[in-house]
Amino acid sequence: MGLRQLVIDAWSWLNYKPVMADAGRPGSRAFPELAKTWVPPQELRRLAAYKVLAAYDNNQAGQLAAVGGDESALERRELGDAANLVDTALGYLLGSEQKVAVEGAEHADEETPTPGAAEAAAVQDRLRKWADKELLTFRVQQAERAAVLLGDSVMVLAWNPQKQRPTLRVYDPGFFFPQWGDEDEDFPSCVHLAWELPADDDAGLKARVRRVTYELGPIFEDEPNGDVGAAAGGRQYPWEPGRASNVTCYLTDAEWLLEDLKSGQTLDRLPMDKARFRVRSDGTELNRLDLVIDFVPVVHIANTIPDGGEQWGRSILARVLQALDELAATDSDSSAASATTGTPIIGLAGARLPVDRATGKPQELQVKAGAVWQLGETGRMDALDTSAQLAELRARVDHLLERIATNSRVTAAGLGTLEATEVPSGYALKLALGPLDALIGMMRLAREHKYRLLFKMVQRLYQAGRAEGWAAGETLSARLAWAPHTPTDRSAVLEEVVKAYGSGVLSLETAVAMLLEAGYPIKDASQEVERIRAKAEQGAAVRMAEAAARRGEPAEGDEEASPDFKAEKGGERVPEAHKPPR
């Protein structure tokens, strides 16, 4: 099946796949769930691309090819190369740890802290406590693996009145359907999260589709969950004191039976008269519920920096998918060649074959250890030697792995396939890791703004929920700090820090921060600075005491040891010069 029409878009690298050949209904044969009437037609290629990438991650690319018409693909060997590439890139992206960092918090412990440093440190401490409670590291791992594999990921925040904190959840990007009202908008004003719920005969439930909608809109006086009179004077949000706003975010959570949906009633056109709205634990119906915030609490993370006019990211597998197909085919051929090399095909001439007494027919010979065949005077045995072909196939596997490492920019050194003897020096290894450094830098840059946006939303949800300790005021800038993605020469960094700090070029705070980035076991930079300064003060006091002792002078706080002080009755000690005359 060839390509029916040429399509150039964010998923053009999948056009060679038969399941993507039909631009109008891609994957309709392989993925029948995409043929549902509620799925928007413009989203089909994206959803089909996610399905294809998930198949590669689960070693099911051969099954996918078989659905497209290549029945021989069922015998294809897939040994987890796609998943290994994804996990390797994910490991380098995340580094050893991630921390929440608020700008200015690092100056709070200085002798002369900058204005606002104490407030920044307090916000940073509260955000880190929130991150621990919400398992932020775990959530980031979930979201980032989906982003690296599929190109996109979605994180959703919601205020929890019982826990008195924002909750964070990660959604499959296939559930994410943003609605753009204006091409100049930085963020969509309406977002749908939708998925299909299968029928449950035991519970008496029919197949249905669930849609969760976040939508920005004006505040009206007659809104069932709105503030009375808010439309007249506007609403003042705690993060923008003194400024009135007439915009809020509405939440709608509803379900529709699939049998009630007609042709043309796609996700953004579902009939509201057929909707069955969900109810919150406190009995509130989730029908245009006013969340009392002026933003959509949904963060879309793209794996790469999108092209102009695009918003979707690209998978780490995108440019090497055909190479992965070649690798799986070569592995299959190599396996077949291994079978004929270990158990070769043998041709016999002039052999006396044993006869089956029951049938009187010659028995089939088997190649096994200890087998003895009787040959006549002109008998001959020839074995088919496929070892040369097997060696060639193995060399081709190595070539394909090197090609995949190069074109994905993870590099052979990053994948661990580079021999140690091939690296003459640390500088050569650094050059070999250059493309990986650029790749991780680009991936982290694509996420920098999104995580800043996430922490801004967390702070504002705390303020909107009137949580203890979160006063009204401007939202501080916070980011997700990543650990180094490659090993660091710690001894070289330590030598550099000692020289720079000793000569006064670096401050103590910067020196400790450099050691922290180099991988030294420092839990908290500010506490480490305090410990270093306290130890330095103790050392200075000891040296002063020793110097005073050598000069025969009393050390500070040690007046009792001075000969100029004599004991008087009552236990009080007074200087010898002030002793009354006898």
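Structure: see above.
Residues numbered from 1 in each chain as written. Predicted model: local features only at pLDDT ≥ 70, side-chain atom pairs only at ≥ 80, totals over all residues. Heavy atoms only, no water.

Engineer: Where do I start with a negative patch on the surface in this structure?
Structural biologist: On the surface, Asp398, Glu402, Glu419 and Glu422 cluster together into a negatively charged patch. Within the secondary structure, Asp398 sits in helix H8 (residues 387-408). (Patch = residues over 30% accessible without salt bridge, like charges linked within 9 Å, V, L, I, M, F, W, Y side chains within 5 Å. Areas by Shrake-Rupley, 256 points an atom, 1.4 Å probe, with all protein chains shown as cover. Salt bridge = Lys/Arg side-chain N within 4 Å of Asp/Glu carboxyl O. Lys, Arg positive; Asp, Glu negative; His and termini not counted. Charge placed at Lys NZ, Arg CZ, Asp CG, Glu CD. Helix = DSSP H or I, 4+ residues; strand = E, 2+ residues; numbered from the N terminus.)

Engineer: Teacher, can you tell me more about the pattern of salt bridges here?
Structural biologist: Side-chain pairs of opposite charge can arise where the charged atoms are in close proximity. Counted by the stated rule, this structure contains 26 salt bridges. Among the salt bridges present, the one from Arg235 reaches Asp290, with a minimum N-O distance of 2.8 Å. With Arg235 in strand E7 (residues 235-236) and Asp290 in strand E11 (residues 289-290), the pair connects residues that are 55 residues apart, well separated along the chain. Taken together, the shared-partner salt bridges in this structure form one network comprising Arg208, Glu255, Arg276 and Arg278.

Engineer: Looking at this structure, I do not really get empty space enclosed by the protein. What am I missing?
Structural biologist: To locate leftover empty space, one rolls a probe as large as a water molecule over the atoms. Summed over all chains, the structure comprises 2 cavities of 30 Å³ or more. By volume, the largest cavity is sized at about 130 Å³. Residue lining of the largest cavity: 14 residues in total, with Glu78, Asp81, Ala82, Leu324 and Ala328 positioned closest to the centre. Listing elements by their share of the lining of the largest cavity, those giving two or more residues are helix H3 (81-94) and helix H7 (321-342). Considering each element in turn, the lining of the largest cavity owes the most residues, 5 residues, to H7. Among the residues making up the lining of the second largest cavity, the classes are represented as 4 nonpolar, 2 polar and 3 charged. (1 Å grid on protein atoms, 1.4 Å probe; cavity = no way out; pocket = protein on both sides within 12 Å on 5 of 7 lines; lining within 4 Å. Points joined across faces, edges and corners; volume = space filled by probe spheres on them. Nonpolar A, V, L, I, M, F, W, Y, C, P; charged D, E, K, R; others polar.)

Engineer: Explain the environment of Trp130 to me, please; I cannot follow it from the model alone.
Structural biologist: Assignment of secondary structure puts Trp130 in helix H4 (residues 117-133). Residue classification places Trp130 among the buried positions, given a relative accessible area of 1%. Separated by 37 residues in the primary sequence, Trp130 and Thr167 place their C-alpha atoms 9.2 Å from one another. One polar contact links the side chain of Trp130 to the main-chain carbonyl oxygen of Pro166, over a distance of 2.8 Å. (Buried < 20%, exposed > 50% of the residue type's maximum accessible area, 1.4 Å probe, protein only. Polar contact = N/O pair within 3.5 Å; in protein donor to acceptor, adjacent residues only side chain to side chain.)

Engineer: How do you make sense of unusual backbone geometry when you look at a structure like this?
Structural biologist: Peptide bonds are, in most cases, trans, and in most cases residues other than glycine have a negative phi. Phi angles above zero are rare outside glycine, and Asn59 is one such case at about 60°. With phi around 55°, Gln164 is a residue other than glycine that occupies positive phi space. Its place among the elements puts Gln164 in the loop between strand E2 (152-160) and strand E3 (165-171).

Engineer: Just to check I follow, could you spell out the environment of Leu286 for this structure?
Structural biologist: On the secondary structure map, Leu286 appears in the loop between strand E10 (276-277) and E11. On the accessibility criterion, Leu286 (10% relative accessible area) is buried. For the pair Leu286 and Tyr250, spaced 36 residues apart in sequence, the C-alpha to C-alpha distance is 9.2 Å. Setting aside chain neighbours within four positions, we find Leu286 in contact with Leu251, Thr252, Asp253, Phe277, Arg278 and Arg280. (Contact = heavy atoms within 4.5 Å.)

Engineer: So what exactly am I meant to see when it comes to helix H14 (residues 525-551) here?
Structural biologist: Three or four residues apart is the spacing at which side chains of an α-helix point the same way, because the helix has 3.6 residues per turn. Taking 1.5 Å of rise per residue, the 27 residues of H14 would be expected to cover 39 Å, and the 39 Å separating its terminal C-alpha atoms lies within 8% of that figure. Looking only at H14, the buried set comprises Val529, Ala547 and Ala548. Lining the buried residues of H14 we find helix H13 (508-517). The first or second residue beyond H14 is Gly552, which carries a positive phi of 80°. (Expected span 1.5 Å × (residues − 1).)

Engineer: How do you make sense of the packing of helix H5 (residues 136-150) against helix H11 (residues 434-464) when you look at a structure like this?
Structural biologist: Orientation of H5 relative to H11, taken along the N-to-C sense of each, is 135°, at an axis distance of 13 Å. Taken as axis vectors, H5 and H11 run oblique relative to one another. Read as a crossing pair, H5 and H11 show a hand that is right-handed. Contacts from Leu136, Val140, Glu144, Ala147 and Val148 of H5 reach H11 at Met443, Arg447, Tyr451 and Phe455. (Axes fitted to C-alpha atoms, helices over the stretch in contact; angles between N-to-C directions. Parallel < 35°, antiparallel > 145°, perpendicular 65-115°, else oblique. Left-handed = near helix turned anticlockwise from the far one by under 90°.)

Engineer: I'm lost on the nonpolar core in this one. Help?
Structural biologist: Nonpolar side chains tend to gather and get buried jointly when the protein is soluble and globular. Residues Trp38, Trp130, Leu136, Tyr214, Leu317 and Tyr451 are the most contacted members of the largest nonpolar core, which totals 112 residues. Considering every element that reaches this core, the biggest residue donor is H11, with 12 residues. If we skip the residues at most four places from it in the chain, Tyr214 touches Val156, Ser189, Cys190, Val191, Leu193, Cys249, Tyr250, Leu251, Leu291, Val296, Pro297 and Val298. (Core = buried A, V, L, I, M, F, W, Y, C linked by side-chain atoms within 4.5 Å.)

Engineer: I keep staring at the packing of aromatic side chains and nothing clicks. Help me out?
Structural biologist: Describing an aromatic ring pair means giving the distance of the ring centres and the angle of the ring planes. A full pass over the atoms with the stated rule returns 9 aromatic pairs. When the ring of Tyr171 is compared with that of Trp195, the centres are 6.1 Å apart and the planes differ by 40°; the resulting orientation is tilted. Residue Tyr171 is found in strand E3, and its partner Trp195 is found in strand E5 (residues 190-197); the two are separated by 24 residues along the sequence. Of the residues examined, Tyr171 reaches a relative accessible area of 26% and is grouped as partly exposed. Residue Trp195 is classed as buried on the basis of its relative accessible area, which comes to 15%. By way of ring pairs, the aromatic residues Trp159, Tyr462 and Trp470 are connected into one cluster. (Phe/Tyr/Trp six-rings, centres within 6.5 Å; stacked < 30°, edge-to-face > 60°.)

Engineer: What is the right way to look at the environment of Leu321 in this model?
Structural biologist: One can find Leu321 in helix H7. Residue class for Leu321 comes out buried when judged on its relative accessible area of 1%. Placed 239 residues apart in sequence, Leu321 and Ala82 show a C-alpha to C-alpha distance of 8.5 Å. Residue contacts for Leu321: discarding those within four places in its chain leaves Trp13, Leu14, Tyr16 and Tyr56.

Engineer: Mind showing me how you'd approach the state of the cysteines here?
Structural biologist: In a disulfide, the sulfur atoms of two cysteines are held together by a covalent bond. In the structure shown here, the tally under the stated rule is 0 disulfides. The thiol of Cys190 is not disulfide-bonded; the next cysteine sulfur, from Cys249, is found 9.0 Å away. For Cys249, a relative accessible area of 0% translates into the label buried. (Disulfide = S-S within 2.5 Å.)

Engineer: Even after reading the chapter, I still don't get the pairing of strand E15 (residues 478-482), so can you show me in this structure?
Structural biologist: Side-chain positions along a regular strand alternate between the two faces of the sheet. A large share of E15 lies buried, amounting to 4 of its 5 residues. Sheet topology note: the strand E1 (residues 98-102)/E15 ladder contains 5 bridges and is antiparallel. If you follow Lys99 over to E15, its bridge partner there is Ala481. (Pairing = 2+ DSSP bridges.)

Engineer: Just to check I follow, could you spell out the side chain of Asp294 for this structure?
Structural biologist: Position of Asp294 relative to the elements: it lies in the loop between E11 and strand E12 (298-302). A distance of 3.4 Å separates a polar atom in the side chain of Asp294 from a polar atom in the side chain of Trp239. Beyond its immediate sequence surroundings of up to four residues, Asp294 is in contact with Leu216, Tyr237, Trp239, Glu240, Val247, Thr248 and Arg460.

Engineer: I tried to follow the sheet that holds E2 on my own but got confused; where do I start?
Structural biologist: Consider a sheet: its strands pair through backbone hydrogen bonds, and that pairing is either parallel or antiparallel. Spatially, the 3 strands line up as an open sheet ordered E3-E2-E12, and their pairing is antiparallel. Taken across any chain shown, the strands that pair with only one partner, and hence form the sheet edges, are E3 and E12. This sheet shows a mean twist of 25° between the axes of neighbouring strands, independent of strand direction. Across 7 bridges, E2 lies against E3 in antiparallel orientation. Within the sheet, the bridge partner assigned to Trp159 lies in E3 and is Pro166. Sitting on the sheet, H5 touches E2, E3 and E12, and the angle it makes with E2 is about 150°. The sheet strands contacting H11 are E2, E3 and E12, and the helix crosses E12 at an angle near 165°.

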